[in-house]
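Residue-level listing of the chains:
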Amino acid sequence: MVFYECVVTARNTANFAQLNSLVHNIAHKVVSSGGIVRSVQNHGIRDLPHRFKAKYADREGNRYYKKGRFFSIYYDSNPITQKEVDGILKMDEQILRNTHLKARNKLWYVNIAREDKNPYIQKVMEMEKAAEKEIS
């Protein structure tokens, strides 16, 4: 299982019920394929860095947006499920952009592959050598 963060930008005019059902569909897809949804965070409506173009115009004829609703979904799943979630998001008309990131924690930066480059492992190895010397 890989821990993913999915950052989604939706139309600022999107209906709350539609976005809610979209998040429920994504959560159901993740859970049904053996994953875990950790959290969903709403970041609110914000200004976009540049004008975003939607695939289709909405009912008022708007196709370009200067504001968007941002939310994130944090979940654990396999890469196949991540591709399916990406497909669900691409099919929805309310979504302007989405990005999947592998969420990382601080322990990922501890390098265990190269013991000679990692000062923490060097220190532990020195302590083990000192303990062996004391025993013998």
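These notes cover the structure that comes with them. Quick caveat, the model's predicted, so the values are computed rather than measured.

**Description of the pairing of strand β3 (residues 64–77)**
Here's step 1: With 10 of 14 residues buried, β3 lies mostly within the body of the structure.
Here's step 2: When strand β1 (residues 2–11) meets β3, the two strands line up antiparallel, connected through 10 bridges. Its bridge partner lying in β3, A10 is registered against R69.
Here's step 3: As defined by bridge partners, strand β2 (residues 36–53) adjoins β3 across 12 bridges and the pair is classed as antiparallel. Residue pairing across strands places R46 opposite G68, the latter belonging to β3.

**Regarding the packing of helix α1 (residues 16–32) against helix α2 (residues 79–91)**
Here's step 1: Packing of α1 against α2 brings their axes to within 10 Å, and their N-to-C directions diverge by 160°. Considering the angle they form, α1 stands roughly antiparallel to α2. Like other packed secondary-structure pairs, α1 and α2 cross with a definite hand, here right-handed. Across the interface between the two elements, L22, I26, K29 and V30 of α1 pack against T81, E84, V85, I88 and L89 of α2.
Here's step 2: Here the contact of α1 with α2 is built from residues that sort into 6 nonpolar, 1 polar and 2 charged.

**Notes on a positive patch on the surface**
Here's step 1: The grouping of R51, K53, R63 and K66 at the surface amounts to a positive patch.
Here's step 2: With respect to the helices, strands and loops of the structure, K53 is situated in strand β2.
Here's step 3: By relative accessible area, K53 is classed as partly exposed at 44%.

**So, α2**
Along an α-helix, a turn takes 3.6 residues, which lines up residues three or four apart on a common side.
Here's step 1: Look at α2: 19 Å from first C-alpha to last across 13 residues, which is about the 18 Å you get at 1.5 Å a residue.
Here's step 2: All of the buried residues in α2 are T81, Q82, V85, D86 and L89. Looking down the long axis of α2, one finds its buried residues gathered within 145° of arc, a one-sided arrangement. Facing away from the buried side of α2 by more than 90 degrees, the exposed set consists of I80, K83 and M91.

Rules behind the numbers
- Residues numbered from 1 in each chain as written.
- Predicted model: local features only at pLDDT ≥ 70, side-chain atom pairs only at ≥ 80, totals over all residues.
- Heavy atoms only, no water.
- Buried < 20%, exposed > 50% of the residue type's maximum accessible area, 1.4 Å probe, protein only.
- Helix = DSSP H or I, 4+ residues; strand = E, 2+ residues; numbered from the N terminus.
- Pairing = 2+ DSSP bridges.
- Axes fitted to C-alpha atoms, helices over the stretch in contact; angles between N-to-C directions.
- Parallel < 35°, antiparallel > 145°, perpendicular 65-115°, else oblique.
- Left-handed = near helix turned anticlockwise from the far one by under 90°.
- Contact = heavy atoms within 4.5 Å.
- Nonpolar A, V, L, I, M, F, W, Y, C, P; charged D, E, K, R; others polar.
- Patch = residues over 30% accessible without salt bridge, like charges linked within 9 Å, V, L, I, M, F, W, Y side chains within 5 Å.
- Areas by Shrake-Rupley, 256 points an atom, 1.4 Å probe, with all protein chains shown as cover.
- Salt bridge = Lys/Arg side-chain N within 4 Å of Asp/Glu carboxyl O.
- Lys, Arg positive; Asp, Glu negative; His and termini not counted.
- Charge placed at Lys NZ, Arg CZ, Asp CG, Glu CD.
- Expected span 1.5 Å × (residues − 1).
- Arc of directions from axis to C-beta.

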